[in-house]
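# Residue-level structure breakdown
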Amino acid sequence: MLGMMTKSSHQEISCQQVLVDDASVFSVQRSVFPALICDSLSSENLLTRYLDYIRSCTLSIIRPLRTENGIEFRLLGSRLSLISFLPLCIEGEEAVLRICGGFLVQPRQCHRGELRFMVDPQPEGVQVSLQLSDFCPLILGSPNPSRARFWLYRFTQAAIHRLVTVRFLVLLYRDLAGSCARVKVVNVHVREGRPV
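Rules of the game
Residue numbers run consecutively from 1 along every chain, following the written order of its sequence. Owing to the predicted nature of the model, reporting of local features is limited to residues with pLDDT of at least 70; listing and counting of side-chain atom pairs is limited to 80 or more, with chain, interface and lining totals taken over all residues. Here the side-chain values reflect all heavy atoms present in the structure, with hydrogen atoms and water set aside. Confidence scores per residue from the predictor, reported as pLDDT, run from 0 to 100. The helix count covers DSSP runs of H or I at least four residues long, the strand count covers runs of E at least two residues long, and both are numbered beginning at the N terminus. Here a residue-residue contact requires only that any non-hydrogen atoms of the pair lie within 4.5 Å. The classification of residues rests on relative accessible area computed with a 1.4 Å probe and restricted to protein chains. Under 20% of the type maximum is buried, over 50% is exposed, and intermediate values are partly exposed. To estimate how far a helix should reach, multiply one less than its number of residues by 1.5 Å. When we speak of the arc, we mean the arc of directions from the helix axis to the C-beta atoms. Working convention: axes come from line fits to C-alpha atoms, limited for helices to the stretch in contact. Angles between N-to-C directions cover 0 to 180 degrees. When the near helix sits turned anticlockwise from the far one by under a right angle, the crossing is termed left-handed; a clockwise turn instead gives a right-handed crossing. Ten residue types, Ala, Val, Leu, Ile, Met, Phe, Trp, Tyr, Cys and Pro, are classed as nonpolar, four, Asp, Glu, Lys and Arg, as charged, and the remainder, Gly among them, as polar. Here, a strand pair is defined by DSSP locating no fewer than two bridges between the strands. When a carboxyl oxygen of Asp or Glu is within 4 Å of a side-chain nitrogen of Lys or Arg, the pair counts as a salt bridge.

Okay, the confidence of the model for the chain next. When pLDDT is averaged across the chain, the result is 93; 96% of the residues are at 70 or more. Mean pLDDT values over the elements of the chain span from 94, in strand E11 (residues 194-195), up to 98, in strand E7 (residues 94-101). Between residues 1-8, whose pLDDT stays under 50, and residues either more than four places distant or in other chains, the model counts twelve contacts.

With that out of the way, let us pick up the environment of Leu46. Secondary-structure assignment places Leu46 in helix H1 (residues 43-57). Here Leu46 falls in the buried class, since its relative accessible area comes to 0%. Sequence spacing of Leu46 and Phe117 is 71 residues, and the spatial spacing of their C-alpha atoms is 6.6 Å.

What follows is about H1. The periodicity of an α-helix, 3.6 residues per turn, causes residues three or four positions apart to be oriented the same way. For H1, built from 15 residues, the straight-helix expectation of 21 Å at 1.5 Å per residue is met to within 8% by its first-to-last C-alpha distance of 20 Å. Residues of H1 that are buried include every one of Ser43, Leu46, Leu47, Tyr50, Leu51, Tyr53 and Ile54, and no others. End-on view of H1: buried residues confined to an arc of 160°, all on one side of the axis. On the buried face of H1, the contacting elements are strand E3 (62-67), strand E4 (70-75), E7, strand E8 (114-122), strand E9 (125-135) and helix H2 (147-177). Just downstream of H1 lies Leu59, where phi reads positive at about 55°.

On to the packing of H1 against H2. Contact geometry for H1 and H2: axes closest at 11 Å, N-to-C directions at 115°. Where H1 crosses over H2, the two elements pack in a sense that is right-handed. Contacts from Leu46, Arg49, Tyr50, Tyr53 and Ile54 in H1 reach Val164, Thr165, Arg167, Phe168, Leu171, Leu172, Asp175 and Leu176 in H2. For the contact of H1 with H2, the class distribution of residues is nine nonpolar, one polar and three charged.

Below, the discussion takes up the pairing of strand E2 (residues 25-33). Among the nine residues of E2, seven are classified as buried, and the element is accordingly described as predominantly covered. Where strand E1 (residues 10-19) meets E2, seven bridges bridge the pair, whose relative direction is antiparallel. Across the sheet, residue Val18 finds its bridge partner in E2, namely Phe26. Counting the residues between successive antiparallel strands, the hairpin from E1 to E2 contains five residues, one of them, Ala23, with a positive phi of roughly 65°.

Moving on: the pattern of salt bridges. In total, this model carries nine salt bridges according to the counting rule given. Note that Asp175 is salt-bridged to Arg49, the shortest N-O span being 2.7 Å. Of this pair, Asp175 sits in helix H2 while Arg49 sits in helix H1, placing them 126 residues apart in sequence. By relative accessible area, which is 27% here, Arg49 ends up partly exposed. Between Arg74 and Glu72 there is a salt bridge, with the nearest N and O atoms lying 2.6 Å from each other. The class for Glu72 is buried, based on a relative accessible area of 19%. Counted as one network, the salt bridges with shared partners bring together Glu91, Glu94, Arg98, Glu114 and Arg116.

Right, here's the structure in full:
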């Protein structure tokens, strides 16, 4: 059945990354996959694949580690967590990781933010989404970041996050379809805010 995918098929990835009014970051990357390749894909499976991908794409520089307290993205073999999450929470069909700390998070905002993994049936296929919301990056410094901090964040952490998640969706599609597809990345408007 997977052999039915043709070279002319394409993959469109929709993206938005903005700084919202409260100076938190909202970011979403999503793509609609053909239903016939998504039989075994669930939000929990999507999360597991993403964690494996983070380790491999960073050459194990960042190592997602599951602990009894949740999940930590640790730097190399150290105890330094770049970002820490509470234990996985399942909300309906969505897998949710709530941020609870880490070096890349503003210390006074560790109780905010979440990363959602979603696999939603659509009339045209299955929409696979990764959504980061209410995240307060350390680089921005405060609820009122300076222009310099905003641009530093935009060209470092925001750019890396977008690249990593888009690349993840591309590789996931190729893995499930068993073939390559032309990729088109498009900007979408989901939430109001200042583009990053």
